[in-house]
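Structure at a glance
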Amino acid sequence: MCHPISSLLVSQSSPSNNTHSTMVQRIVFYTNKGCPYAQRAHIALLEANASFEHVEIDLQNKPSWYNEINAALKVPAVVYGGPFSAPVESVPEGAASIPESLVLLDFIADVFPDAGLLPVDPVQRAKVRLFIDAVGNKFGPAWAGWSFQGKPASAILDAVTALQAQLSREGDYFLGSTFSIADIALAPFVQRFRAMAAAGVCAGDADEGKRVLETLEKDAEFERWRKWESKVLRQSTVKSTYPGDEFIVERFRTKINQLKAQA
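Figured I'd write up the structure that's included with this text. Because the structure is predicted, anything quoted here is derived from the model rather than measured. (Residues numbered from 1 in each chain as written. Predicted model: local features only at pLDDT ≥ 70, side-chain atom pairs only at ≥ 80, totals over all residues. Heavy atoms only, no water.)

**Points about the overall build of the protein chain**
Secondary structure summary: the protein chain contains 9 helices and 5 strands in total. Ordered by position from the N terminus, the helices and strands of the protein chain form the series β-β-α-β-β-β-α-α-α-α-α-α-α-α. Against the compact-globule benchmark of 18 Å for 263 residues, the protein chain has a radius of gyration of 18 Å, which places it among compact chains. Along the first, second and third principal axes, the C-alpha atoms of the protein chain reach 55 × 50 × 25 Å. Across the 263 residues of the protein chain, 50% fall into the buried class. In the protein chain, the proportion of contacts linking residues at least 24 apart, taken out of those at least 6 apart, comes to 74%. Of the roughly 12100 Å² of accessible surface on the protein chain, 49% is carried by carbon and sulfur atoms. Side-chain charges in the protein chain split into 26 positive and 29 negative, and the spacing between the mean points of these groups amounts to 4 Å. (Helix = DSSP H or I, 4+ residues; strand = E, 2+ residues; numbered from the N terminus. Rg over C-alpha atoms; globule rule 2.2 N^0.38 Å. Buried < 20%, exposed > 50% of the residue type's maximum accessible area, 1.4 Å probe, protein only. Contact = heavy atoms within 4.5 Å. Areas by Shrake-Rupley, 256 points an atom, 1.4 Å probe, with all protein chains shown as cover. Lys, Arg positive; Asp, Glu negative; His and termini not counted. Charge placed at Lys NZ, Arg CZ, Asp CG, Glu CD.)

In structure tokens, the structure reads:
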């Protein structure tokens, strides 16, 4: 999760069509456009064609009321239920506040089952959750280690190798022909790695990061990964929730410089 600190910007997102949207409780989504964890939940809400209120949390200012939404002061969070006219600065009576991006992926998939974000078959559901576990235990730490801690970028290749072994051989999504929360869990971090590696922005070896990116783009060993990456990163909801390479590079360059200054 990303750590908020912020001013208030609220907008309304309405379903673009009626394919998946159902009559559900009020949804208020607390997010930050640069946060990969928040992007996960945003993608899922759009895939579900949900109607929700979008509250942008600026990560440079901590709103005094936000601890009522999430005591951990992180994004994303969703307040589910309560009156539609209630203020977004608190959790109204009868509503629930739900934090944590992976919890929210499961929650959104359950609230909007017609979106097909989580398969019905228990074996397939288990495979999705095992993949998500590998994202959190392998790719996430490898990316963060290289990006912010000066660790070798080679760990990213090891993580991709492990994840690629779990990808379906029938179709380009994790499950083959169906976009799911498995794809959503990983996509925001791949977008950020690609942007940072191409720009040479990291706390580690920038040249090594570029070599890892080149290996992933050209080596025959990673052909299945490239098919997944090409398909998922072109998904409309993944593209529309990504703030762009320039924004990400500048944001993380600032963060890395701050970390170096504190060292």
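After that view of the structure, there is still more to cover.
**Structural notes on unusual backbone geometry**
Residues V75 and P76 are joined by a peptide bond in cis, for which omega reads 5°. With respect to the secondary-structure elements, P76 resides in the loop between β3 (52–57) and β4 (77–80). Unlike most non-glycine residues, E100 shows phi in positive territory, near 75°. With respect to the helices and strands, the residue E100 is situated in the loop between β5 (96–99) and α2 (101–111).

**Some details on helix α3 (residues 122–148)**
Given a rise of 1.5 Å per residue, 27 residues ought to cover 39 Å, and the 37 Å separating the end C-alpha atoms of α3 matches this to within 8%. Maximum bend of α3: about 35°, positioned at V135. When α3 is considered as a whole, its buried residues turn out to be V128, F131, I132, A134, V135, F139, A142, W143, G145, W146, S147 and F148. One side-chain oxygen at the N-terminal end of α3 lies 3.1 Å from the backbone nitrogen of V123; it belongs to D121. Following α3 by one or two positions, G150 has its phi on the positive side, about 75°. (Expected span 1.5 Å × (residues − 1). Bend = angle between axes of the 7 residues up to and from the residue. Polar contact = N/O pair within 3.5 Å; in protein donor to acceptor, adjacent residues only side chain to side chain.)

**Some thoughts on the packing of helix α4 (residues 154–164) against helix α6 (residues 206–218)**
Taken N-terminus to C-terminus, the directions of α4 and α6 make an angle of 25°; their axes are 9 Å apart at the nearest point. One finds that α4 runs roughly parallel with respect to α6. On α6, the residues touching S154, I156, L157 and V160 of α4 are E208, V212, T215 and L216. Here the contact of α4 with α6 is built from residues that sort into 5 nonpolar, 2 polar and 1 charged. (Axes fitted to C-alpha atoms, helices over the stretch in contact; angles between N-to-C directions. Parallel < 35°, antiparallel > 145°, perpendicular 65-115°, else oblique. Nonpolar A, V, L, I, M, F, W, Y, C, P; charged D, E, K, R; others polar.)

**Quick look at the packing of aromatic side chains**
Going through the model one piece at a time under the given rule, you end up with 15 aromatic pairs. With centroids separated by 6.3 Å and ring planes inclined at 55°, the aromatic side chains of Y30 and W65 adopt a geometry described as tilted. Pair noted here: Y30 is in strand β2 (residues 27–31) and W65 is in the loop between β3 and β4, with a separation of 35 residues, a long-range link. Using a relative accessible area of 15% as the deciding quantity, one classes W65 as buried. Relative to F174, the ring of F131 has its centre 4.5 Å away and its plane inclined at 35°; by these criteria the two rings are tilted. In this pair, F131 sits in helix α3 while F174 sits in the loop between α4 and α5 (181–199), placing the two residues 43 residues apart along the sequence. We note that F131, like F174, is buried. Feature note: the residues Y37, W143, F148, F189 and F252 constitute an aromatic cluster, connected by ring pairs. (Phe/Tyr/Trp six-rings, centres within 6.5 Å; stacked < 30°, edge-to-face > 60°.)

**Topic: the side chain of T237**
Tracing the chain through its elements places T237 in helix α8 (residues 236–240). In this structure, T237 is in contact with I43, L46, E47 and F179, ignoring residues within four places of it in sequence.

**Examining α6**
Over its 13 residues, α6 extends 18 Å from the first C-alpha to the last, a length consistent with the 18 Å expected when each residue adds 1.5 Å. Among all positions in α6, only E208, G209, V212, L213 and L216 are buried. Summarising the axial view, the buried residues of α6 lie within an arc of 140°, below the 170-degree limit, and thus occupy one face. Elements that come into contact with the buried residues of α6 comprise α3, α4, α5 and α7 (223–233). Its side-chain oxygen placed 3.0 Å from the backbone nitrogen of D207, D205 serves as the N-cap of α6. (Arc of directions from axis to C-beta.)

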